Amino acid sequence: MINCNQAFSPHFTLAEFVASETAMRLVIVNMPTEIVVNRLRILCDTALEPERVDLEPLHINSGYRSP
C-alpha cells in the first residue's frame, strides 16, 4: 500500500503530488504505481528539491495525474 505521507525529500511528500480537486470532485483515485512513485522520488531528489530550497515557495500543482 502506498503511503501519501511518505517523504520524497526534505521538502516534498507524495501527498503534494496527488492532491487534486478534480479527482476529489469526480471521485477519481489519483494514486500512482510504485514505479511512478520511485520516479517521482528521483525527480524530487535530483531536480525539485534544490529548486525549492533556492526558490521557496515552489508550489506543485498537478504533480501526478492518473490515467
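Just so we're clear, the structure is a prediction, and the values are computed from it rather than from any experiment.

**Section: the overall build of the chain**
Here comes step 1: The helix and strand tally for the chain stands at three helices and two strands.
Here comes step 2: Taken from N to C terminus, the helices and strands of the chain fall in the order β-β-α-α-α.
Here comes step 3: For the chain, the C-alpha radius of gyration of 12 Å lies close to 11 Å, the compact-globule estimate for 67 residues.
Here comes step 4: Counting only residues that meet the buried cut, the chain has 28% of its 67 residues in that class.
Here comes step 5: Sequence separation of 24 or more characterises 61% of the internal contacts of the chain that already satisfy a separation of 6 or more.
Here comes step 6: Counting every atom, the chain has about 4,800 Å² of accessible surface; 59% of that belongs to carbon and sulfur.

**Notes on the nonpolar core**
Here comes step 1: Membership of the largest hydrophobic core is limited to eleven residues, which are Phe8, Phe12, Leu14, Phe17, Val18, Val37, Leu40, Cys44, Leu48, Ile60 and Tyr64.
Here comes step 2: Secondary structure elements with two or more residues in this core: helix H1 (14-18) and helix H3 (34-55).
Here comes step 3: With four residues, the top contributor of residues to this core is H3.
Here comes step 4: Those residues within four positions of Tyr64 in sequence are excluded, and the remaining contacts are Phe17, Val18, Asn30, Met31, Pro32 and Val36.

**Details of the pattern of salt bridges**
Here comes step 1: Enumeration according to the criterion identifies one salt bridge in this entry.
Here comes step 2: The salt bridge partner of Arg52 is Glu16, with a shortest N-O separation of 2.6 Å. Linking Arg52 in helix H3 with Glu16 in helix H1, this pair joins segments that are 36 residues apart in sequence.
Here comes step 3: Among the residues examined, Arg52 registers a relative accessible area of 10% and is labelled buried.

Here is what the cut-offs are and how they apply
Here the residue numbers are simple positions, counted from 1 along each chain's written sequence. Per-residue local features are limited, in this predicted model, to residues with pLDDT of at least 70; the limit for side-chain atom pairs, both in listing and counting, is 80 or more; totals at the level of whole chains, interfaces and linings are taken over all residues. Only heavy atoms go into the side-chain values, all of them from the structure, while hydrogens and water stay out. Secondary structure is summarised from DSSP: a helix means a run of H or I of at least four residues, a strand means a run of E of at least two, and numbering begins at the N terminus for each. Both definitions apply: the radius of gyration is a C-alpha atom measure, and the globule rule equals 2.2 Å times residues to the power 0.38. Any residue under 20% of the maximum accessible area for its type is buried, any over 50% is exposed, and the rest in between are partly exposed; the area is computed with a 1.4 Å probe on protein chains only. When checking whether two residues touch, look at their non-hydrogen atoms; a contact exists if any pair is within 4.5 Å. To be clear on the numbers: accessible area is Shrake-Rupley with a 1.4 Å probe, and residue cover counts the displayed protein chains and nothing else. In these notes, a set of buried Ala, Val, Leu, Ile, Met, Phe, Trp, Tyr and Cys residues joined through side-chain atoms within 4.5 Å is what counts as a nonpolar core. Just to be clear on terms, a salt bridge is a Lys or Arg side-chain nitrogen sitting within 4 Å of an Asp or Glu carboxyl oxygen.

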